[in-house]
Structure formats: C-alpha cells, structure tokens
Amino acid sequence: MFGRKKTLNEELAPPVEQDSARPGAKNRPTPKRREQEALNKRPLIVTDRKAARSSDKAVRREQMAKQRAGMMAGDEKFLPVRDKGPRRRFIRDTVDARWNIGEFMLPVMLIVLLLSFVRASWALMAVFVLVYGLILVAIIDALLMWRRTRTKVESRFGQAEKGDAWYAIMRAFQMRRTRMPKPQVARGDHPA
C-alpha cells in the first residue's frame, strides 16, 4: 500500500544473500536497546517463592560443599580464621606428625562405659584407674608436646601467640580421623 513498487529489473534479479558470513563482521543485526534492557530486568520480589527458595538452597549447598572440600584439603582460603596462617599450619603439622595419647580418650571412654555396667568390684576399680589414669597421662603428654612445639614455633616464627597452646592441645585430643582440617602429614613426618 505505502512504499514504492518494485521494478521489473528488481523482481527478476537474483536475491542478494544477506546472511553471508563475512570474516570480522558481526553478521547479525544490532539489538534494540529496549530488547536488551528487557532481558536484564528481573523483579525485586520473586513471584514464585518456592522456586526461589529451592534455587537459593541449591546455590548455598554447592558453596558449602566447595568450602568443605577446600577445608578438607587444607586450602588456606577456605579455612576458618582460627586455622589460617603459616604458624597454625606448622602447629597442625607438628601435632599430626606424632602419636598423641589424648586421641585414644574416646575409644577408651567407650570401654569404660561398657565396664561401668558390670557390677563387680574389679570392674569398678578398672573404670576408676582407666578414667583418671588416662586423663592424667594424656594431660602430661599434651603439656610435654606443647613445650617441644613451642620451642619450634618460637625459633621459626618468634614469640608464641596467646591461643597457640590451646590450639595444639585441643588438636592433640581429637582423634586423627576427625580432625578438621584433615592432617596433611603422615605420622613421623615432622615439619622441618
């Protein structure tokens, strides 16, 4: 209706290929600004809250799994603040390189719990000796371990910080398999 009519030459001419790919060219029409802005718009309040909650939960679960894997591997950026730094890594490696009596406390306490059900005098005496004897020996072992570790820490990093002793002793009382971050050295493989 509006516009010019094609001439006979234009009608008979072969169609020009407009979709031919030229090297270095964009080879597509420029999108309208209105269309691009419409693609980037998202509502501030989601209408489907159940789907939003499940997607948030999935993202959070993925981040937590990534953080846990990094922490298990001992990656510095995923460690909590209390475990970060070369000083704490050295203390962890020193504690993990030795056998600690404190790490046997939980299995022995399970045996003590079973023995406490036996109402014989020898069982009660064994419970008493096992509990208090093991606690005393474990505390002495942990203190001796910290004295040796402190001299290594002070020779390597300077003055020991306030929480280093507690950090080393609490790690020594955990069973090796349950320590977080996981031990990075084998037993007997003391850090230089």
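For clarity, every value in this text was computed on a predicted model and none was experimentally measured.

Here we take up the domain arrangement of the protein. When the domains of the protein are assigned, the result is domain 1 (48-78) and domain 2 (84-173). Using C-alpha coordinates to define each centre, domain 1 is positioned 33 Å away from domain 2.

Another point: unusual backbone geometry. For residues other than glycine, phi is negative in most cases, and the peptide bonds are mostly trans. Residues M180 and P181 are joined by a peptide bond in cis, for which omega reads -5 degrees. With respect to the element layout, P181 can be found in the segment after helix 7 (164-172). The phi dihedral of N27 is positive, around 60 degrees, even though this residue is not glycine. Here N27 lies in the loop between helix 1 (8-12) and helix 2 (33-40).

Among the surface-exposed residues, R49, K50, R53, K57, R60 and R61 lie close enough to one another that they form a single positively charged patch. Within the fold, R49 resides in helix 3 (residues 49-73).

Our next topic: the pattern of salt bridges. Working definition: two side chains of opposite charge can pair if their charged atoms are close together. This structure, assessed with the given rule, holds ten salt bridges. Between E103 and R179 there is a salt bridge, and its shortest N-O distance comes to 3.5 Å. Taken together, the residues span a long stretch of sequence, with E103 in the loop between helix 4 (86-96) and helix 5 (105-116) and R179 in the segment after helix 7 at a distance of 76 residues. When its relative accessible area of 5% is taken as the criterion, E103 is described as buried.

Turning next to the environment of K84. Structurally, K84 is set in the loop between helix 3 and helix 4. What makes K84 partly exposed here is its relative accessible area of 39%. Sequence separation between K84 and Y132 is 48 residues, and the spatial gap between their C-alpha atoms is 35 Å. Apart from residues no more than four positions distant in its own chain, K84 is found in contact with E76, K77 and L79.

Inspection of every chain in the model, using the stated rule, returns three aromatic pairs. Both rings, one in F128 and one in Y132, keep their centres 5.0 Å apart while their planes meet at 55 degrees; by these two values the pair is tilted. With a gap of four residues between them, F128 and Y132 both fall in helix 6 (residues 121-157), about one helical turn apart. Taking the ring centre of Y167 as reference, the NZ or CZ of R88 above it sits at 4.5 Å. The ring of W99 is capped by R187, whose NZ or CZ atom sits 3.7 Å from the centre of that ring.

Before going further, it helps to spend a moment on the nonpolar core. Core analysis: the largest hydrophobic core is formed by twelve residues, namely F90, I91, V95, A142, M145, W146, V153, A160, Y167, A168, I169 and A172. Listed by contribution, the elements that provide at least two residues to this core are helix 4, helix 6 and helix 7. If near-sequence neighbours (up to four positions away) are discounted, A142 is found in contact with I169 and F173. Core analysis: the next-biggest nonpolar cluster, separate from the first, contains eight residues, M105, V108, L134 and A138 among them.

About the cut-offs
Residues numbered from 1 in each chain as written. Predicted model: local features only at pLDDT ≥ 70, side-chain atom pairs only at ≥ 80, totals over all residues. Heavy atoms only, no water. Domains from an automatic or database assignment. Helix = DSSP H or I, 4+ residues; strand = E, 2+ residues; numbered from the N terminus. Patch = residues over 30% accessible without salt bridge, like charges linked within 9 Å, V, L, I, M, F, W, Y side chains within 5 Å. Areas by Shrake-Rupley, 256 points an atom, 1.4 Å probe, with all protein chains shown as cover. Salt bridge = Lys/Arg side-chain N within 4 Å of Asp/Glu carboxyl O. Lys, Arg positive; Asp, Glu negative; His and termini not counted. Charge placed at Lys NZ, Arg CZ, Asp CG, Glu CD. Buried < 20%, exposed > 50% of the residue type's maximum accessible area, 1.4 Å probe, protein only. Contact = heavy atoms within 4.5 Å. Phe/Tyr/Trp six-rings, centres within 6.5 Å; stacked < 30°, edge-to-face > 60°. Lys NZ or Arg CZ within 6 Å of the ring centre and 35° of its normal. Core = buried A, V, L, I, M, F, W, Y, C linked by side-chain atoms within 4.5 Å.

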